[in-house]
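The residues making up each chain are set out below.
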Amino acid sequence: MLIETLIIALLFSLFSGGKLSRLGQLALRESWLVPVALIIQSGLYWVAVKEIGLASNWLTQLLGIGSYFLLLFFTWRNRACPGMHWIALGIFLNTIVIGLNGGVMPVDPSFLPEESRKALLEGQGTHGLMTSTTRLSFLADRLYLSIIGIGKQVFSLGDILVDLGIFLLVFKTMVRKQDKSTPKAHNSTTA
């Protein structure tokens, strides 16, 4: 739902008089941590789906959780930015549930088609099927939304908080008032 949140935030901000150019003025510290974390997570997902088995289970879990700590460090370094506390809390909640469930995000099977259930039961990718032994199941991917044109989405409380933070970051950055210390251009004629 992250892409949908970004689109909604951009549209809502533009309709509220926000300026897209202000996003370019957003100075994020250690921004390189985000693509590194996403590359690690994508690589782990690809290795699991292709059943390559390049690393032991504990190393895969360590890399996965480590990628979330990179994201948490990024949010800490940028905690002064609007919405960043919500993003950090969402990532933290997702990290906890993933860490306590063997390095995979548990997914509620009730909203999934049979093919997806079978894949998750085998532990394919970075997600796993939620069972009676799932720890902190209330933090798992157990919320469901069907969006016309996009399809079915299963997500967690942590995902909602990340989306809320992203929305606030984009909206408050684009719609912020001009700093009063910045001189405004004016047309004046001298006599």
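- The name recorded for the chain in an unreviewed UniProt entry is DUF5317 domain-containing protein, from Desulfosporosinus hippei DSM 8344.

**Overview of the nonpolar core**
So, step 1. Of all hydrophobic cores here, the largest spans 23 residues; its most connected members are Met 84, Ile 87, Ile 91, Val 97, Ile 98, Ile 166 and Val 170.
So, step 2. Of all elements in the fold, only helix H2 (33-49), helix H3 (57-77), helix H4 (84-99) and helix H6 (157-175) reach the threshold of two or more residues within this core.
So, step 3. With residues near it in sequence (within four places) discarded, Ile 166 still touches Leu 2, Thr 5, Leu 6 and Ile 87.

**Details of the packing of aromatic side chains**
So, step 1. In total, this model carries five aromatic pairs according to the counting rule given.
So, step 2. Between the aromatic rings of Phe 111 and Tyr 144, the centroid separation amounts to 4.5 Å while the plane-to-plane angle is 10 degrees, which identifies the pairing as stacked. In this pair, Phe 111 sits in the loop between strand E1 (105-107) and helix H5 (114-121) while Tyr 144 sits in strand E3 (residues 143-147), placing the two residues 33 residues apart along the sequence.
So, step 3. On the basis of relative accessible area, Phe 111 is assigned to the partly exposed category, the value being 32%.
So, step 4. One cation-aromatic arrangement involves Arg 79 over Trp 76; the distance from NZ or CZ to the ring centre is 4.4 Å.

**Here we look at H6**
So, step 1. Its 19 residues place the ends of H6 27 Å apart at the C-alpha level, agreeing with the 27 Å of an ideal helix rising 1.5 Å per residue.
So, step 2. Those residues of H6 that fall on the buried side of the exposure criterion are Gly 158, Leu 161, Val 162, Asp 163, Gly 165, Ile 166, Leu 168, Leu 169, Val 170, Phe 171, Thr 173 and Met 174.
So, step 3. Where the residues of H6 are buried, they touch helix H1 (2-15) and H4.
So, step 4. Structurally, the start of H6 carries an N-cap: the backbone nitrogen of Gly 158 is 3.4 Å from a side-chain oxygen of Ser 156.

**So, H4**
So, step 1. Taking 1.5 Å per residue, 16 residues should reach 22 Å; H4 reaches 22 Å between its end C-alpha atoms and fits that length.
So, step 2. Turning to H4, its buried residues are Met 84, Ile 87, Ala 88, Gly 90, Ile 91, Leu 93, Asn 94, Thr 95, Val 97 and Ile 98.
So, step 3. Tucked into the core, H4 has its buried residues touching H3, E1 and H6.

**Considerations on the pattern of salt bridges**
So, step 1. Applying the stated criterion to the full structure yields two salt bridges.
So, step 2. Close ionic contact of Arg 77 with Glu 30 constitutes a salt bridge, the shortest N to O distance being 2.6 Å. Here the residue Arg 77 occupies a position in helix H3, and Glu 30 occupies one in the loop between H1 and H2, the gap between them amounting to 47 residues.
So, step 3. By relative accessible area, which is 27% here, Arg 77 ends up partly exposed.

**Here's the deal with the side chain of Asn 101**
So, step 1. Note on placement: Asn 101 falls in the loop between H4 and E1.
So, step 2. For Asn 101, a relative accessible area of 15% translates into the label buried.
So, step 3. With residues near it in sequence (within four places) discarded, Asn 101 still touches Pro 106, Thr 134 and Arg 135.

**A word on a nonpolar patch on the surface**
So, step 1. Where nonpolar side chains cluster on the molecular surface, the patch consists of Leu 2, Ile 3, Leu 6, Ile 7, Leu 11 and Phe 15 and spans about 620 Å² of accessible area.
So, step 2. Relative to the helices and strands, Leu 11 resides in helix H1.

Conventions and cut-offs
- Residues numbered from 1 in each chain as written.
- Predicted model: local features only at pLDDT ≥ 70, side-chain atom pairs only at ≥ 80, totals over all residues.
- Heavy atoms only, no water.
- Core = buried A, V, L, I, M, F, W, Y, C linked by side-chain atoms within 4.5 Å.
- Buried < 20%, exposed > 50% of the residue type's maximum accessible area, 1.4 Å probe, protein only.
- Helix = DSSP H or I, 4+ residues; strand = E, 2+ residues; numbered from the N terminus.
- Contact = heavy atoms within 4.5 Å.
- Phe/Tyr/Trp six-rings, centres within 6.5 Å; stacked < 30°, edge-to-face > 60°.
- Lys NZ or Arg CZ within 6 Å of the ring centre and 35° of its normal.
- Expected span 1.5 Å × (residues − 1).
- Polar contact = N/O pair within 3.5 Å; in protein donor to acceptor, adjacent residues only side chain to side chain.
- Salt bridge = Lys/Arg side-chain N within 4 Å of Asp/Glu carboxyl O.
- Patch = residues over 30% accessible without salt bridge, like charges linked within 9 Å, V, L, I, M, F, W, Y side chains within 5 Å.
- Areas by Shrake-Rupley, 256 points an atom, 1.4 Å probe, with all protein chains shown as cover.

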